[in-house]
Amino acid sequence: MTDLPLAPVGRIVKKSGAERVSSDANEELAKLMEAYASRIAKEAIKLAGHAGRKTVKATDVRMAAETLK
């Protein structure tokens, strides 16, 4: 079970070119998306803390995503 709703995840796959998407595929992609988002969030929190802030900003998230590529 994931926190992400599965219908939008399926739409992402369809918009990427798939004709049909199984519910298993939606669930697996949602799990992977959450894991990656969690890693980005943790890194963004570290960056905000290093800058002396409690608030995570969009720039922290972008920098974290770049770091984790």
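Quantities reported herein were computed from a predicted structural model and do not represent experimental measurements.

Colleague: If you had to explain the overall build of the chain to someone new, which residues and values would you point to?
Modeller: Along its length, the chain carries three helices and zero strands. Sequence-ordered secondary structure for the chain, helices as α and strands as β, is α-α-α. Relative to the compact-globule value of 11 Å for 69 residues, the chain shows a C-alpha radius of gyration of 15 Å, a clear excess of over 25%. The principal-axis extents of the C-alpha atoms in the chain amount to approximately 45 × 25 × 15 Å. Evaluated residue by residue, the chain yields a buried proportion of 16% over its 69 residues. Here the chain contributes 13 positively and 9 negatively charged side chains, and the mean placements of these two sets differ by 7 Å.

Colleague: Tell me about the packing of helix α1 (residues 6-15) against helix α2 (residues 23-50), and name the residues and values.
Modeller: One can describe the packing of α1 onto α2 by two numbers: an axis separation of 9 Å at closest approach and a directional angle of 95°. On the basis of their axis angle, the class for α1 and α2 is roughly perpendicular. Contacts between α1 and α2 involve Leu6, Val9, Gly10, Ile12 and Val13 on the former and, on the latter, Asn26, Glu27, Leu29, Ala30 and Met33. In terms of residue class, the contact of α1 with α2 is made up of seven nonpolar, two polar and one charged.

Colleague: I'd love a proper account of the side chain of threonine 2, names of residues and values included.
Modeller: Residue placement: threonine 2 occurs in the segment before α1. What makes threonine 2 buried here is its relative accessible area of 13%. Side-chain polar atoms of threonine 2 contact the backbone oxygen of leucine 4, separated by 3.0 Å. With residues near it in sequence (within four places) discarded, threonine 2 still touches Glu27, Ala30, Lys31 and Glu34.

Colleague: Tell me what's going on with the UniProt feature "domain: Transcription factor CBF/NF-Y/archaeal histone" (unreviewed entry) in the chain, and back it up with residues and numbers.
Modeller: Summarizing the sequence annotation, UniProt attributes the feature "domain: Transcription factor CBF/NF-Y/archaeal histone" (unreviewed entry) to residues 3-64 in the numbering used throughout. As annotated, residues 3-64 has a helix share of 73% and a strand share of 0%, and its two end C-alpha atoms lie 21 Å apart.

Colleague: I'd love a proper account of the pattern of salt bridges, names of residues and values included.
Modeller: In the structure shown here, the tally under the stated rule is two salt bridges. Linking lysine 69 and glutamate 66 is a salt bridge whose minimum nitrogen-to-oxygen distance equals 3.3 Å. Glutamate 66 matches lysine 69 in its accessibility class, with the two residues each being exposed.

Colleague: Talk me through the packing of α2 against helix α3 (residues 58-67); I want residue IDs and the actual numbers.
Modeller: Running from N to C, α2 and α3 cross one another at 120°; their axes reach a closest spacing of 8 Å. The pairing of α2 with α3 is recorded here as oblique in orientation. When the axes of α2 and α3 are compared, the crossing they make is right-handed. From α2, Tyr36, Ile40, Glu43, Ala44, Leu47 and Ala48 reach across to α3, where they touch Asp60, Val61, Met63, Ala64, Ala65 and Thr67.

Criteria and cut-off values
Residues numbered from 1 in each chain as written. Predicted model: local features only at pLDDT ≥ 70, side-chain atom pairs only at ≥ 80, totals over all residues. Heavy atoms only, no water. Helix = DSSP H or I, 4+ residues; strand = E, 2+ residues; numbered from the N terminus. Rg over C-alpha atoms; globule rule 2.2 N^0.38 Å. Buried < 20%, exposed > 50% of the residue type's maximum accessible area, 1.4 Å probe, protein only. Lys, Arg positive; Asp, Glu negative; His and termini not counted. Charge placed at Lys NZ, Arg CZ, Asp CG, Glu CD. Axes fitted to C-alpha atoms, helices over the stretch in contact; angles between N-to-C directions. Parallel < 35°, antiparallel > 145°, perpendicular 65-115°, else oblique. Contact = heavy atoms within 4.5 Å. Nonpolar A, V, L, I, M, F, W, Y, C, P; charged D, E, K, R; others polar. Polar contact = N/O pair within 3.5 Å; in protein donor to acceptor, adjacent residues only side chain to side chain. UniProt positions renumbered as here; feature names shortened; annotations may be inferred. Salt bridge = Lys/Arg side-chain N within 4 Å of Asp/Glu carboxyl O. Left-handed = near helix turned anticlockwise from the far one by under 90°.

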